[in-house]
Amino acid sequence: MSKVLVIGAGGVGSVAVHKMAMNADIFSDITLASRTLSKCDAIAQSVKERTGVVIKTAQIDADDVTATTALIKLYSPKLVVNLALPYQDLAIMDACLAAGVHYMDTANYEPRDEAHFEYSWQWAYQDRFKDAGLMALLGSGFDPGVTSVFATYLKKHYLDRIDTLDILDCNGGDHGQHFATNFNPEINIREVTAPARHWENGEWVTTPALSHRQTFDFEAVGPKNMYLMYHEELESLAKHLPEIKRIRFWMTFGDAYLKHLEVLQNVGMTRIDPVMYEGKEIIPLQFLKAVLPEPSTLGATTKGKTNIGDIATGIAKDGSAKTYYIYNICDHEEAFAETGNQAVSYTTGVPAMIGAAMILTGAWGGAGVFNMEQMDPDPYMDMLNRHGLPWKVKELDGPLAF
């Protein structure tokens, strides 16, 4: 039984603390903190109504290292779970070091003024966490997170060597809005509009955003157009599983979403550099975020399923060349019924709870900065099955044709 401090009160934070409250044998004391206390209090009320568990709430500006350090020392958790914005990763890591507690997040650091996703900033903390005897676990969401664990599970149980790895992320849900994002609009749009990159034969291959499209028939969803993108787990997988010759990430988008995004780009609303408006500097993308639907409000209207998984080709345990597909299907309405949040938040919040459980129970441990694929996949995979994200493995006839 352990204390945990969760920072971030969006949809993912809501799912994570609901699921933590459902596992009181692991999470004996939960505090939820964010910049907006009212959001924390609303989640705490939902947790109490659904589970009977009372969680504490607190207000914090996670950009303020001194204040965050003081908050951590006040509540004395064993672990801080960072579900705030990726811009705040380094500040929260600094606070954890100052307070002497373990750290975990679901997305890698990125600077506010550049859509640039890279682990180098967080990997640079390796010696500081190691010398302090503390663990920093990076990326325990679904992608990154579960997708990396899927890869190591296949490597451990099915393939002696992985040659190609494709990560396929499909959201087949419909929220009924003309245009909305299923997680933080600012982060989502920065990610989608950034140039695509994939790993091939020991180097990065960069292509224009949304320039490579394929159609794939997803179980429980149907045929969907998916687009080649960059995602941070490609970098960590290329580092920790260097045998893989090619690693790609694909995400589905509907035609209406892409048309709205194209118009918003064309009129400058996705810019992340400041512009002057009525004598004040504003960031167009941050203004756009303020007028778009809040992702945490979409759960009540979203219907359909997500399907996220890995397709790996390589040399099997019997020496033959084989292709395996490992994936999870999550239902938006079922996720909402359980936690009050749609499946995109659910598929990130549940893995956040599980990653925290791995650290708090001692199933995963070590001093330093770690990515998911460096850990034993088995206990994590077992918890996915038991806590709402069951997975399947099936053998395909051969590698992907593209």
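Residues numbered from 1 in each chain as written. Predicted model: local features only at pLDDT ≥ 70, side-chain atom pairs only at ≥ 80, totals over all residues. Heavy atoms only, no water.

Draft legend 1. View of the overall build of the chain. What the chain contains, in helices and strands, is 14 helices and 18 strands. Its C-alpha atoms give the chain a radius of gyration of 20 Å, near enough to 21 Å, the size a compact globule of 402 residues would have. The principal-axis extents of the C-alpha atoms in the chain amount to approximately 55 × 50 × 40 Å. A total of 402 residues make up the chain; the buried ones form 56% of that total. Sequence-distant contacts, at least 24 apart, represent 73% of the contacts inside the chain between residues at least 6 apart. Counting every atom, the chain has about 15,900 Å² of accessible surface; 50% of that belongs to carbon and sulfur. (Helix = DSSP H or I, 4+ residues; strand = E, 2+ residues; numbered from the N terminus. Rg over C-alpha atoms; globule rule 2.2 N^0.38 Å. Buried < 20%, exposed > 50% of the residue type's maximum accessible area, 1.4 Å probe, protein only. Contact = heavy atoms within 4.5 Å. Areas by Shrake-Rupley, 256 points an atom, 1.4 Å probe, with all protein chains shown as cover.)

Draft legend 2. Here's a closer look at the packing of aromatic side chains. Scanning the entire structure with this criterion turns up 16 aromatic pairs. Across the ring face of Trp 204, the terminal group of Arg 197 is positioned such that the distance to the ring centre comes to 4.7 Å. Here the guanidinium or amino end of Lys 239 rests over the ring plane of Trp 123, the centre of that ring lying 3.9 Å away. (Phe/Tyr/Trp six-rings, centres within 6.5 Å; stacked < 30°, edge-to-face > 60°. Lys NZ or Arg CZ within 6 Å of the ring centre and 35° of its normal.)

Draft legend 3. Molecular detail of the pattern of salt bridges. Counted according to the given criterion, the structure contains 22 salt bridges. Of the charged contacts, one joins Arg 248 and Asp 166 as a salt bridge, the two residues approaching to 2.6 Å between their closest N and O atoms. Taken as a pair, Arg 248 in strand 12 (residues 246-252) and Asp 166 in strand 7 (residues 159-171) lie far apart in primary sequence, 82 residues in all. Its relative accessible area of 8% is what places Arg 248 among the buried residues. (Salt bridge = Lys/Arg side-chain N within 4 Å of Asp/Glu carboxyl O.)

Draft legend 4. Structural context of the side chain of Glu 373. Note on placement: Glu 373 falls in the loop between strand 17 (368-371) and helix 14 (377-386). Lacking a salt bridge, the buried Glu 373 has Lys 239 as its closest oppositely charged neighbour, with an N-O distance of 8.6 Å. Engagement of the side chain of Glu 373 in a polar contact is seen with the side chain of Ser 236, the distance being 2.9 Å. A polar atom in the side chain of Glu 373 sits 3.4 Å from the backbone nitrogen of Leu 237. (Lys, Arg positive; Asp, Glu negative; His and termini not counted. Polar contact = N/O pair within 3.5 Å; in protein donor to acceptor, adjacent residues only side chain to side chain.)

Draft legend 5. Fine view of unusual backbone geometry. Residue Asp 143 is joined to Pro 144 through a cis peptide bond whose omega torsion reads 10°. Within the secondary structure, Pro 144 sits in the loop between strand 6 (135-138) and helix 7 (146-157). In this structure, Glu 278 takes a positive phi of about 50° despite not being glycine. Among the secondary structure elements, Glu 278 is positioned in the loop between strand 13 (275-277) and strand 14 (280-282).

Draft legend 6. Local environment of the pairing of strand 9 (residues 203-207). One ladder, built from five bridges, connects strand 8 (residues 196-200) with strand 9; its direction is antiparallel. Paired with Arg 197 across the bridge in strand 9 is Thr 206. Linking strand 8 back to strand 9 in an antiparallel pair, the connection comprises two residues, with Asn 201 at a positive phi of about 50°. (Pairing = 2+ DSSP bridges.)

Draft legend 7. Expanded view of the sheet that holds strand 6. The seven strands are arranged 3-2-1-4-5-6-17 in an open sheet whose pairing can be described as parallel. Two strands bound the open sheet, and with one partner strand each, they are strand 3 (56-59) and strand 17. Between one strand axis and the next, the sheet turns by 20° as a mean value, whatever way the strands run. Pairing analysis gives four bridges linking strand 2 (residues 27-34) to strand 3, with the strands arranged parallel. Across the sheet, residue Ser 34 finds its bridge partner in strand 3, namely Gln 59. Of the strands in this sheet, strand 2 and strand 3 are in contact with helix 2 (residues 37-51), which crosses strand 3 at around 170°. (Axes fitted to C-alpha atoms, helices over the stretch in contact; angles between N-to-C directions.)

Draft legend 8. Quick look at the side chain of Asp 166. Classification of Asp 166 by relative accessible area gives buried; the value is 2%. At a separation of 2.6 Å, a polar atom in the side chain of Asp 166 contacts the side chain of Arg 248. Among the polar contacts listed, one links the side chain of Asp 166 to the side chain of Trp 250, at a separation of 2.8 Å. Those residues within four positions of Asp 166 in sequence are excluded, and the remaining contacts are Arg 246, Arg 248, Trp 250, Gly 309, Asp 310, Ile 311 and Leu 400.

Draft legend 9. Up close: helix 12 (residues 332-339). Every buried residue belonging to helix 12 is among His 332, Ala 335 and Thr 339, and all of these are buried. Angularly, the buried residues of helix 12 cover 65° about the axis, an arc narrow enough to put them on a single face. Residues of helix 12 that are exposed and angled more than 90 degrees away from the buried face: Glu 334 and Ala 337. Packed against the buried residues of helix 12 are helix 1 (11-21), helix 2, strand 7, strand 15 (305-316), strand 16 (321-331) and helix 13 (343-361). By the N-cap criterion, in which a side-chain oxygen at the helix start approaches the backbone nitrogen of a residue two or three places on, helix 12 is capped by Asp 331, the distance to Glu 333 being 2.9 Å. (Arc of directions from axis to C-beta.)

Draft legend 10. Focus on the packing of helix 7 against helix 14. At a minimum axis separation of 9 Å, helix 7 and helix 14 run at an interaxial angle of 120°. In terms of axis orientation, helix 7 runs oblique to helix 14. With respect to the hand of their crossing, helix 7 and helix 14 are arranged in left-handed fashion. Touching Val 146, Val 149, Phe 150, Thr 152, Tyr 153, Lys 156 and His 157 of helix 7 are Pro 377, Asp 378, Tyr 380, Met 381 and Leu 384, all from helix 14. Here the contact of helix 7 with helix 14 is composed, by residue class, of eight nonpolar, two polar and two charged. (Parallel < 35°, antiparallel > 145°, perpendicular 65-115°, else oblique. Left-handed = near helix turned anticlockwise from the far one by under 90°. Nonpolar A, V, L, I, M, F, W, Y, C, P; charged D, E, K, R; others polar.)

Draft legend 11. Local environment of helix 13. The end-to-end C-alpha distance of helix 13 is 26 Å, a good match for the 27 Å that 19 residues give at a rise of 1.5 Å each. Here helix 13 lies mainly inside the structure; 18 of its 19 residues are buried. Where helix 13 begins, the side chain of Gln 342 points an oxygen toward the backbone nitrogen of Val 344, at a separation of 2.7 Å. Backbone geometry just after helix 13 places Gly 362 at a positive phi near 85°. (Expected span 1.5 Å × (residues − 1).)

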